[in-house]
Each structure stands twice: as C-alpha cells, then as structure tokens.
Number of protein chains: 2
Amino acid sequence: MTTTNALNEVDLEAVGGLAQAIVESPITAATTWKATVEWDGGFRSVARIRDFAPIPSDEPPALGGTDTAPNPVEQVIAALGNCLAVGYAAGASAAGIEIKDLRIDLEGDLDLHAFLGLRDGHAGYDDLRVSVHLDTDADRAAVEALHAKVVGTSPVGHTLSRAIPLSIDLA
Amino acid sequence: MTTTNALNEVDLEAVGGLAQAIVESPITAATTWKATVEWDGGFRSVARIRDFAPIPSDEPPALGGTDTAPNPVEQVIAALGNCLAVGYAAGASAAGIEIKDLRIDLEGDLDLHAFLGLRDGHAGYDDLRVSVHLDTDADRAAVEALHAKVVGTSPVGHTLSRAIPLSIDLA
C-alpha cells in the first residue's frame, strides 16, 4: 500500500476496484441491504444486521419508554452523520485531502401530534439540519468542492431528502 | 399499575399523560432530536446520542471498509424497524391486543453508481420493503386496523417515504 492509498486510512484501491468492477459489469452496483428487528417488551427492541451484535432501541421516559438506548428518530440522524463521514473520508482521500479531525452535528425537529394520533398528517421530521466541522490544512475551495460532492452523493442524505417508495406489509 | 397498563409492558399512563399535556399545551409536541458523529479513521465513525455509549459504524470490505459495524444504510432500515416496533407496542396496548412475539424484516435496494460518482442522480434507496410478523391471539381485523394505524403514524416511516428538507452546511 502506498502512502496515497493510506491517506485517512481509506483503502482507495478497494473503492476503485469496486467502481471498476461496476463499470465492467453494471449489475454489480445493484445492492440489497437487510435488517431484522425483534421486539423486546415495552418500547424496547433490538436490530440485527448481518452477524453484528444486536443494536438496542428504546424511548425516553417522557414517551413511555425505559430509556435504555437511543430512540429510532435519533438513530436515523445518526445514520445520516455516519454516511456523511464515509463520504467525506472517501472523497477527501480521492482528492488528496488529509482529514485531521471530522465532527458532524445533526438535529431535527419533529412534532408529536401525528405520532400520538392527536391529528392526521406528517409524523416524521419537519426538517433536518447538519453542520460539518472539518479540521484540515486543505484550502477552503478544495474543501467546499469536497463538501458539494459528499452532499450530492450521500445514500442516506438522498434517502431522507427524497420520497422513497415504502411498502410495509403484514405477514 | 393495573393489568391493562402493563399490557405488553407498555406504560400507557406515560403515553396518555404526554398526549394530554400536548392537548393542553400544543407547543409541548415540538421536539428536537440530536446526534453527533465523530470520524474514527477510514470509513469508521461513532455516533453519540445523549449519554449513551457511542454507536460504531463502518463499511464492508467490498466498499473499502474494515467491517467492524453495520453501515449507514443498514442503520437507516434498522431505525425504521425499531420505530415500527414502538408503534406496534403502543397501538397494541391501547387496543388491548397482547403481543406474544413481534419480528420485523426489512430490506432495500440501492444502486451504487451515484454514490461512487459513476453517474449523477439518486444515491439513496430505490425502494424499501418491510414485512411485519406479529404473533397474537387477537383477530385478524383488529390486527389489520392496528397495522394501518402504525403505518399511518410512524415518524421514521414518514421521514423515509416523504421528502424531508435537509440542510447540510460546512462550518
């Protein structure tokens, strides 16, 4: 592995190899991701993903939970932050930008009326706000170009900012 | 606590108390949720939510990661499953339906071309499919009514199936 490949500890050869494989065989780009959630009493549940340890979920006491883990709407914005971090790491490495530190703050507003059945309408986030704090010696123009690229290609960002067809069936 | 309140281990009094508080003071329904993500080298990051232990994120080797944790797009569908589990637990308890077991299988298709910069366009999920497996002695009509209520009031479900205003700023 050359120094360039190790920039930000990102395996650019793996990413480049995948891109090349997709160019040669576009169907390779078609991926399917899965999770299984099991209810654990009250508002507690665990999510199982591949062979990883189950990830717990709960609600705060004010919402009737036992507060043993982050709740689902917090998990969604955490996933967005993690996705942007991957995008930053990949894009910075490809552009030769060293990341000294990267922190992403996320927040969203959500009105509980619909969730609680007090009125019909939108039960989800009303908006999401993200602030990216990047510590780097790269010049501002390069960082702004990186930011635009990351925002424009974020799988979770696009999933949240666009309407995704969602079918929920009772087995 | 009465037997009814303990059905499915759900604290209906807390949920009912919150709903009543919101009816009396609608501003109470306005909630804001936060997370902070810190990059940890390569495609690894951790999400910090309130005082809970940091939740790790990574990518599989095929995507250039070190495969130490679920990736962000898996985390998103896990959050959806957890949200539906809360909805089911709350709704079932309110309707007097005992949940003997509840499992939710989720999957989604995602084309990697846009994420990898191989073409412009949608980088997120193309669609999401959820199958709810509920073990209960309640009759089918009651379960179908519960299902419709849960799907119609899911905060994460609505966040994914609708376009949410998303601002991502470089600090």
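For the structure itself, consult the block above.
Our subject in this report is the structure included herewith. (Residues numbered from 1 in each chain as written. Chains lettered and ligands numbered in written order. Predicted model: local features only at pLDDT ≥ 70, side-chain atom pairs only at ≥ 80, totals over all residues. Heavy atoms only, no water.)

## Observations concerning the environment of B:Val15
Stated formally: By the criteria applied, helices consist of DSSP H or I runs no shorter than four residues and strands consist of E runs no shorter than two, each listed in order from the N terminus. Only protein chains enter the accessibility calculation, which uses a 1.4 Å probe; a residue is then buried when its area is under 20% of its type maximum, exposed when over 50%, and partly exposed in between. Whether two residues touch is decided by their heavy atoms; if any such pair falls within 4.5 Å, the residues are in contact.
Note on placement: B:Val15 falls in helix α1 (residues 12-24). The exposure class of B:Val15 is buried, given its relative accessible area of 16%. Measuring from C-alpha to C-alpha, the distance between B:Val15 and B:Ile164 comes to 26 Å, with 149 residues separating the pair along the chain. For B:Val15, the residues in contact, after removing those within four places along its chain, are A:Phe43, A:Leu63, A:Gly64 and A:Leu116.

## Notes on the relation of the copies chain A and chain B
Two copies of the chain are present, and they differ by a rotation about an axis and a shift along that axis. For clarity, the threshold we go by: Each copy is superposed on the other by least squares, with the fit set by C-alpha atoms of residues at a pLDDT of at least 70 in both.
For the pair chain A and chain B, the best superposition has an RMSD of 0.0 Å and corresponds to a rotation of 180 degrees with a translation of 0.0 Å parallel to the axis. In short, the pair behaves as if placed about a two-fold rotation axis. Minimal C-alpha separation from the rotation axis in chain A is found for A:Ala163, amounting to 2.3 Å. Most of the interface of chain A is mirrored in chain B, where 99% of its interface residues are also at the interface.

## Brief notes about the packing of helix α3 (residues 72-94) of chain A against helix α4 (residues 140-152) of chain A
Residues and elements named next belong to chain A. In plain terms, the rule: In this analysis an axis means a line fitted to C-alpha atoms, helices contributing only their contacting stretch, and an angle means the value between N-to-C directions, from 0 to 180 degrees. Any angle between 65 and 115 degrees counts as roughly perpendicular, while under 35 counts as roughly parallel, over 145 as roughly antiparallel, and the rest as oblique. Crossing handedness is read from the near helix: turned anticlockwise from the far helix by less than a right angle, it gives a left-handed crossing, and turned clockwise, a right-handed one.
Viewed as axis vectors pointing N to C, α3 and α4 meet at an angle of 130 degrees, and their least axial separation amounts to 9 Å. What the angle tells us is that α3 and α4 run oblique. For α3 against α4, the interelement crossing comes out right-handed. Contacts between α3 and α4 pair Leu84, Gly87, Tyr88, Gly91 and Ala92 from the former with Leu146, His147 and Val150 from the latter.

## Structural notes on α1(B)
Since the α-helix advances by 3.6 residues per turn, residues separated by three or four positions end up pointing in the same direction. Residues and elements named next belong to chain B. Threshold: The span expected for a helix works out to 1.5 Å for each residue beyond the first. What the arc covers is the set of directions going from the helix axis to the C-beta atoms.
Compared with the 18 Å implied by 1.5 Å per residue over 13 residues, the 18 Å span of α1 between its first and last C-alpha is a close match. Those residues of α1 that sit buried are Ala14, Val15, Leu18, Ala19 and Ile22. Along α1, the residues classed as buried sweep out an arc of 135 degrees about the axis, all on the same side. Of the exposed residues in α1, those oriented more than 90 degrees away from the buried face are Glu13, Val23 and Glu24.

## Re the interface of chain A and chain B
Short version of the rule: As a working definition, buried area equals the accessible area (1.4 Å probe) given up by two parts on being put together, with both sides summed. Here a salt bridge means any side-chain nitrogen of Lys or Arg lying within 4 Å of a carboxyl oxygen belonging to Asp or Glu. By the convention adopted, Pro, Cys, Tyr, Trp, Phe, Met, Ile, Leu, Val and Ala count as nonpolar, Lys, Arg, Asp and Glu as charged, and the other residues, Gly among them, as polar. Following DSSP output, two strands are said to pair if at least two bridges run between them.
At the junction of the two partners, chain A supplies 118 residues and chain B supplies 117 residues. Between chain A and chain B, a total of about 10,400 Å² is buried, with carbon and sulfur atoms accounting for 66% of that surface. Broken down residue by residue, the surface that chain A buries against chain B is led by A:Trp33, A:Trp39 and A:Leu170, which jointly contribute 9%. For A:Glu74, the salt bridge identified is with B:Arg50, shortest N-O distance 2.8 Å. Take the side of chain A that touches chain B: its biggest share by element is 18 residues, from α3(A). Here the residues of the side of chain A that touches chain B are counted per class, giving 67 nonpolar, 30 polar and 21 charged. The sheet contact formed by strand β1 (residues 30-39) of chain A and strand β4 (residues 101-111) of chain B spans nine bridges and is antiparallel. Each residue of the ladder has a partner; that of A:Val37, found in β4(B), is B:Ile104.

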